[in-house]
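Each chain, written out:
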Amino acid sequence: MNERERLVEVADGVLVITHPFCATTTTVVVGHDGRECVVVDPGVTADEIDALAPALASRGLTVTGAFSTHPHWDHLLWRPSLGDAPRWATDAGAARALAVVDDNARKARAAVEEVDTSGLGRVVALEPGAIVLPWTGRHVRVLEHRAHAPGHAALMVTDVGVLVAGDMLSDVEIPLLDLEAGRPWDDYAEALDVFDEVARSVAVVVPGHGSTGDGVELRRRIDADRAYLASLPLDGEDDPDPRLADAADWLLAEHEAAGRRVRHDLGAR
């Protein structure tokens, strides 16, 4: 691992590593016994995931659980090096992941070399409406919502106030709406309401892409995302979101598609 790709302890027993592809983050939650851990969204390339396994072993950690925050390919990858622990997802997230395995594999191979797509369907559905992970190592809340992707969920490591946000609350990506949903902007706003409800308890926020932040930064990101949603009906806003400055073509395309969808739907009312 290079300096950027190393495990950093952002709170007691919570480790984060950032990978080069889209600043993708992997989070490791260590159990109270200091011997077992849960891995959340474990890396992108085969080499990255295989490097994570010995890094955990060197700390005396065994992977006894895992979690996929949502059913997009870059959050569903897995390698045998991490073992056979169950990798949970929400009921809706698991159903979607299994339904789009082939499409996710195609997208993964188009985006990244050295990617192993064999684990894309390796998910175990939580009970519908589950509010905690079925893991005895530590109390981890499941905050399910409808933003970004079917069955998307954030995790809250309650004793240290770490919010693992999946593909939300990023400092480098605008809100990415699920444009297949019936009311994607409302779904996103309601998910931000969920984060509002826990914000006072958050000491560290970990986005799926980008940098970690403290509680003050969490509030700034929630406000920035609300401002972005409010700007979508406006065609050619005067004060564009700073995350769009020098943005990659794919991110600009997502922004333009979201704006078109919102303006179309509002015009149809």
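Look up: the structure comes first, before these words.
Keep in mind it's a predicted model, so treat the numbers as computed, not measured. Per chain, residues are indexed from 1 in the order of the written sequence. For a predicted model such as this one, the threshold for reporting local features is a pLDDT of at least 70, and the threshold for listing and counting side-chain atom pairs is 80 or more; totals across whole chains, interfaces and linings nevertheless cover every residue. Think of the side-chain values as coming from all heavy atoms in the structure, minus any hydrogens and water.

A. Quick look at helix α6 (residues 249–267). A helix here means a DSSP run of H or I that spans at least four residues, while a strand means a run of E at least two residues long, and both kinds are numbered starting from the N terminus. Expected helix span is computed as 1.5 Å times (number of residues minus one). Over its 19 residues, α6 extends 27 Å from the first C-alpha to the last, a length consistent with the 27 Å expected when each residue adds 1.5 Å. Those residues of α6 that fall on the buried side of the exposure criterion are L251, H255, A258, G259, R261, V262 and D265. Relative to the axis of α6, the buried residues are bounded by an arc of 165° and lie together on one face. Turned more than 90 degrees away from the buried face of α6 sit D249, R260, H264 and G267, all of them exposed. Here, two residues are considered to be in contact whenever any of their heavy atoms come within 4.5 Å of each other. Considering only its buried residues, α6 is in contact with α4 (184–198) and α5 (215–231). When a residue's accessible area, from a 1.4 Å probe over protein chains only, is under 20% of the maximum for its type it is buried; when over 50% it is exposed; and in between it is partly exposed. Each direction from the helix axis to a C-beta atom contributes to the arc, which is the arc of those directions.

B. Representation of the layout of surface pockets. Only protein atoms enter the calculation, which uses a 1 Å grid: trapped sets of points that fit a 1.4 Å probe without letting it out are cavities, open sets showing protein on both sides within 12 Å along at least five of seven lines are pockets, and any residue with an atom within 4 Å of a point is a lining residue. Grid points are joined across faces, edges and corners, and a volume is the space filled by probe spheres set on the points. In this structure, the largest pocket spans a volume of roughly 730 Å³. Lining the largest pocket are 25 residues, and of these H72, W73, K107, H148 and E254 sit closest to its centre. For the lining of the largest pocket, the secondary structure elements donating two or more residues are α3 (101–111) and α6. Of all the elements, α3 adds the most residues to the lining of the largest pocket, at four residues. Each residue is assigned to one class: nonpolar for Ala, Val, Leu, Ile, Met, Phe, Trp, Tyr, Cys and Pro, charged for Asp, Glu, Lys and Arg, and polar for all the others, Gly among them. Taken together, the residues of the lining of the largest pocket sort by class into twelve nonpolar, four polar and nine charged.

C. Examining the pairing of strand β1 (residues 8–11) more closely. Following DSSP output, two strands are said to pair if at least two bridges run between them. Here three bridges tie β1 to strand β2 (residues 14–18), and the two strands are oriented antiparallel to one another. Bridged to E9 within β2 is L15. A loop of two residues connects β1 with β2, the two strands running antiparallel in sequence, and G13 in this loop sits at a positive phi of about 80°.

D. Local environment of the packing of aromatic side chains. Here is the rule: rings of Phe, Tyr and Trp (six-membered ring for Trp) pair when centre to centre is within 6.5 Å. Planes less than 30 degrees apart are stacked, more than 60 are edge-to-face, and the remainder are tilted. In this structure the tally under the stated criterion is one aromatic pair. Ring geometry for F21 versus W73: centroids 5.5 Å apart, planes at 50°, classification tilted. With F21 in the loop between β2 and β3 (25–30) and W73 in the loop between β5 (62–67) and β6 (87–89), this pair connects stretches of sequence that are 52 residues apart. F21 gets classed as partly exposed once you look at its relative accessible area, which sits at 24%.

E. Examining the side chain of D225 more closely. Here D225 is to be found in helix α5. Setting aside its immediate chain neighbours within four residues, D225 contacts L169, P175, Y188, L192 and R243.

F. The sheet that holds strand β11 (residues 204–206), seen in detail. Within the open sheet, the five strands sit side by side as β8-β9-β10-β11-β12. Their pairing is mixed. Each edge of the open sheet is held by one strand with a lone partner, namely β8 (140–144) and β12 (213–214). Of the pairings in the sheet, the one linking β11 to β12 comprises two bridges and is antiparallel in character. Bridge pairing in β12 links V205 to G213.

In short, geometric facts, not functional conclusions.
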